[in-house]
Amino acid sequence: MMTLTGGCLCGAVRYEIDYEGERGSTCHCAMCRRQSGGAFMGFVTVPRGHLRLTGELKTYRSSEIGLRSFCPNCGTPITMDYSFEDDRTGVVTGSLDDPEAVPPSLHWGAESMLSWLKLEDGLPRMTTDEDPEFVEALRRLGERDR
Ligand SMILES: [Zn+2]
Ligand SMILES: [Zn+2]
């Protein structure tokens, strides 16, 4: 096991991850685009207990199933959690001290990928409705609301 370190732009939030080689992914959805201000976001999803944080985060519920955290001082996004993955947390790879340590293995939210973004990396691309876990979570939400 290796330790990854990271934190926010202003330095008020720092973290360590007990890293067991989890693969990274990107998300091209419109919410990640807005929160980051960039074309997409990268994540590495790890067991929640493997992330140790110092400093205060603020959270924002961006959808019924998504909870995002960020530094209240500088706004750097730090985590994105789905309610159907309560044992895991998605750490924003752009906040790692060495983002090269966790390259993506998949592009997610491919239906929202910007046309001017030219990624010729040969990685698989998955649309939101091709992800069984995500579709199942939305289905359960729909049932609850009925
Ligand atoms: Zn900060
Ligand atoms: Zn997203």
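Notes on the structure follow. (Residues numbered from 1 in each chain as written. Chains lettered and ligands numbered in written order. Predicted model: local features only at pLDDT ≥ 70, side-chain atom pairs only at ≥ 80, totals over all residues. Heavy atoms only, no water.)

1. Points about the overall build of the protein
Tallying secondary structure elements over the protein gives 2 helices and 11 strands in all. Taken from the N to the C terminus, the helices and strands of the protein come in the order β-β-β-α-β-β-β-β-β-β-β-β-α. Scaling as 2.2 N^0.38, a compact globule of 146 residues should have a C-alpha radius of gyration of about 15 Å, and the protein matches this with 15 Å. The C-alpha extent of the protein, read off along each of the three principal axes, is 40 × 40 × 30 Å. Looking at the 146 residues of the protein, the share that counts as buried comes to 41%. Sequence-distant contacts in the protein: of pairs separated by 6 or more residues, those separated by 24 or more amount to 54%. When the accessible surface of the protein is summed, it comes to about 8,300 Å², and 52% of that surface belongs to carbon and sulfur atoms. In the protein, 16 side chains carry a positive charge and 23 a negative one; their mean positions are 6 Å apart. (Helix = DSSP H or I, 4+ residues; strand = E, 2+ residues; numbered from the N terminus. Rg over C-alpha atoms; globule rule 2.2 N^0.38 Å. Buried < 20%, exposed > 50% of the residue type's maximum accessible area, 1.4 Å probe, protein only. Contact = heavy atoms within 4.5 Å. Areas by Shrake-Rupley, 256 points an atom, 1.4 Å probe, with all protein chains shown as cover. Lys, Arg positive; Asp, Glu negative; His and termini not counted. Charge placed at Lys NZ, Arg CZ, Asp CG, Glu CD.)

2. A look at the coordination of the zinc ion (ligand 2)
Here the zinc ion (ligand 2) is held by the protein donor atoms C27 (SG), C29 (SG) and C32 (SG), which lie 2.2 to 2.3 Å from it. Read in sequence order, the donor residues for the zinc ion (ligand 2) give the motif C-x1-C-x2-C. C32 shares its class with C27; the two are buried. (Donors = N, O, S within 2.8 Å, 3.2 Å for Na, K, Ca; no water.)

3. As for the environment of R125
Mapping R125 onto the fold places it in strand β11 (residues 125-126). When its relative accessible area of 42% is taken as the criterion, R125 is described as partly exposed. Separated by 12 residues in the primary sequence, R125 and M113 place their C-alpha atoms 9.8 Å from one another. Not counting the four nearest positions on each side in its chain, R125 is found in contact with L106, H107, A110, M113, L119 and E130. Reaching out from R125, the side chain makes a polar contact with the backbone oxygen of L119 at a distance of 2.8 Å. (Polar contact = N/O pair within 3.5 Å; in protein donor to acceptor, adjacent residues only side chain to side chain.)

4. Re the coordination of the zinc ion (ligand 1)
Around the zinc ion (ligand 1), the protein supplies C8 (SG), C10 (SG), C71 (SG) and C74 (SG) as donor atoms, at distances of 2.3 to 2.4 Å. Given 4 donor atoms and angles of 106 to 115° at the metal, the environment of the zinc ion (ligand 1) is assigned as tetrahedral. Written as a sequence motif, the donor residues of the zinc ion (ligand 1) are C-x1-C-x60-C-x2-C. Assessed through its relative accessible area of 8%, C8 is described here as buried. (Tetrahedral: all angles 85-135°; square planar, octahedral: opposite > 155°, others 65-115°.)

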